[in-house]
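If you want the building blocks of each chain, they are given just below.
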Amino acid sequence: MSQKYLFELGGENIELGKCEAIELLKTEKYEPKVVHNKESIIILDVLQKINKRVIRRLGMTKRVSKVLYYSNKKELNKVVQEIPIIDIKTKSFAIRLVKKNGISEKEIAIKLGEKVPKKNKIDLTKPDVKILYYSGEKTIISLWERDLETYYTKCLEHHIKYRPFFSPISIHPRISRSMVNLSNSTKGHKVIDPFCGTGGILIEIADMQLEAIGIDILRKMVENSVGNLNHYNLKDNFLILNIRPI
C-alpha cells in the first residue's frame, strides 16, 4: 500500500537535496513519485513504509515525516473534520505549526489536539511524536517520530574540525553523504573513492554500512584516511595506486 512522506530539505542546496532523496528511494526500490514540490519541501509517494535505515542515510534532508493529510482546503475546522483520530499508540506528542498563514499555533494545537486520544501525554520539550501542520499553498498535516531522524545534524560530527587528519579542500560531510546516495549504492555494495584524500567521502560510505574502498596515489593521504576512519571506528580498505590505468 502506497504512502506519502514529506521531506524538509536543508537550505545549502535544495535541488541537490531533492535529487538525493529521490535517487536513494529509487535505489532502495520504493519507486518514489513527486506529489508536491515547493521551495524546500517535497512530498513523495512511495510503495511502502520507508525503513529507518534508509531515512538515516539522508544528508541533505532535515526531517522526514509521514503525511496524514494533504489538501487545498484552508479552513481549519473543515480540515479537522476530515482527518481521522490520530493513533500514536502510547507515545507522547507535541503539535507544531511549521508555516504560518494567518493562523496561530495555539489554535492549531487546540483543534488538532482533539484528534489525539486522551491517553497520550503532551510533551512540549522532547516528544516521541510531533504532529506538524503546514499552512501554505496546500494544507499538510504530517507525523514525525523520533526514530525517523535523518543524518542532517549527526553527520556534522564528521566535519574536518573533528577529524585528526584533514585537508583544506575536504568536502562538507552533507555533500559527501549526498554524493554517496546519488551513486545508487545499497547495502552489500562496494563503493570506491579513487582520489580519497583524507577520507571524507569514505567516512560517509562506511557509516552507511557500505564497503568503503579508498585509492590515492599519495601514501600520506592513504595513511590520513585510515587514521580518520579509525577515529570513527569505521572499517577501511585502502590501496596506494595511480588510478590512470584503471
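To be clear, the structure that these remarks concern was listed above.
Counting restarts for each chain: residues are numbered from 1 in the order of the written sequence. Side-chain atom pairs in this predicted model are given and counted only at pLDDT of 80 or more, local residue features only at pLDDT of at least 70, and totals for whole chains, interfaces and linings cover all residues. Side-chain descriptors were evaluated using all non-hydrogen atoms of the structure, hydrogens and water having been removed beforehand.

Engineer: Quick question: what am I supposed to make of the sheet that holds strand β9 (residues 211-216) here?
Structural biologist: Sheets are built from strands paired through backbone hydrogen bonds, the pairs being either parallel or antiparallel. Paired strands, in this sense, are two strands between which DSSP finds at least two bridges. The numbering of helices and of strands both runs from the N terminus, where a helix is a DSSP run of H or I of at least 4 residues and a strand a run of E of at least 2. Spatial ordering of the open sheet is given by β8-β9-β10, a layout of 3 strands whose pairing is parallel. Edge positions in the sheet fall to β8 (190-193) and β10 (238-240), since each has one partner strand and no second. Across this sheet, the average inter-strand angle for adjacent strands is 20°, counted without regard to direction. As judged from the 3 bridges shared by β9 and β10, these two strands associate in the parallel manner. Counterpart to Gly214 in the pairing with β10 is Phe238. Note on contacts: a residue pair is in contact if any heavy atoms of the two residues lie within 4.5 Å. Fitted lines through C-alpha atoms serve as axes, helices being fitted only where they are in contact, and the angles separating the N-to-C directions of these axes extend from 0 to 180 degrees. Across the face of the sheet, helix α6 (residues 200-207) comes into contact with β8, β9 and β10 while running at roughly 165° to β9. Running at roughly 170° to β10, helix α7 (residues 219-231) makes contact with β9 and β10 of the sheet.

Engineer: Where do I start with the pairing of strand β3 (residues 41-46) in this structure?
Structural biologist: The side chains of a regular strand alternate, first on one face of the sheet and then on the other. Summarising burial for β3: 6 of the 6 residues are buried, a large majority. A 1.4 Å probe rolled over the protein chains alone gives each residue an accessible area, and that area as a share of the maximum for its type sets the label: buried under 20%, exposed over 50%, partly exposed in between. Going residue by residue along β3, you find Ile41, Ile43 and Asp45 tucked away on one face and Ile42, Leu44 and Val46 tucked away on the opposite face as well. Relative to β3, strand β1 (residues 3-9) runs antiparallel, the two sharing 6 bridges. Note that in β3 the partner of Glu8 across the bridge is Ile41.

Engineer: Just to check I follow, could you spell out the pattern of salt bridges for this structure?
Structural biologist: One side chain can pair with another of opposite charge once the charged atoms of both are near each other. Here, a salt bridge means any side-chain nitrogen of Lys or Arg that lies within 4 Å of a carboxyl oxygen of Asp or Glu. Under the criterion given, the structure shown has 16 salt bridges. In this structure, Arg177 and Glu204 form a salt bridge, with 2.6 Å as the shortest nitrogen-oxygen distance. Taken together, the residues Arg177 in helix α5 (residues 173-181) and Glu204 in helix α6 connect sequence positions 27 residues apart. A relative accessible area of 0% places Arg177 in the buried class. Judged by relative accessible area, Glu204 falls into the buried class, the value being 0%. Here Arg177 ties to Asp207 by a salt bridge, and the two come within 3.0 Å at their closest N and O atoms. Taken together, the residues span a long stretch of sequence, with Arg177 in helix α5 and Asp207 in helix α6 at a distance of 30 residues.

None of the figures reported here should be taken as evidence of function without further support.
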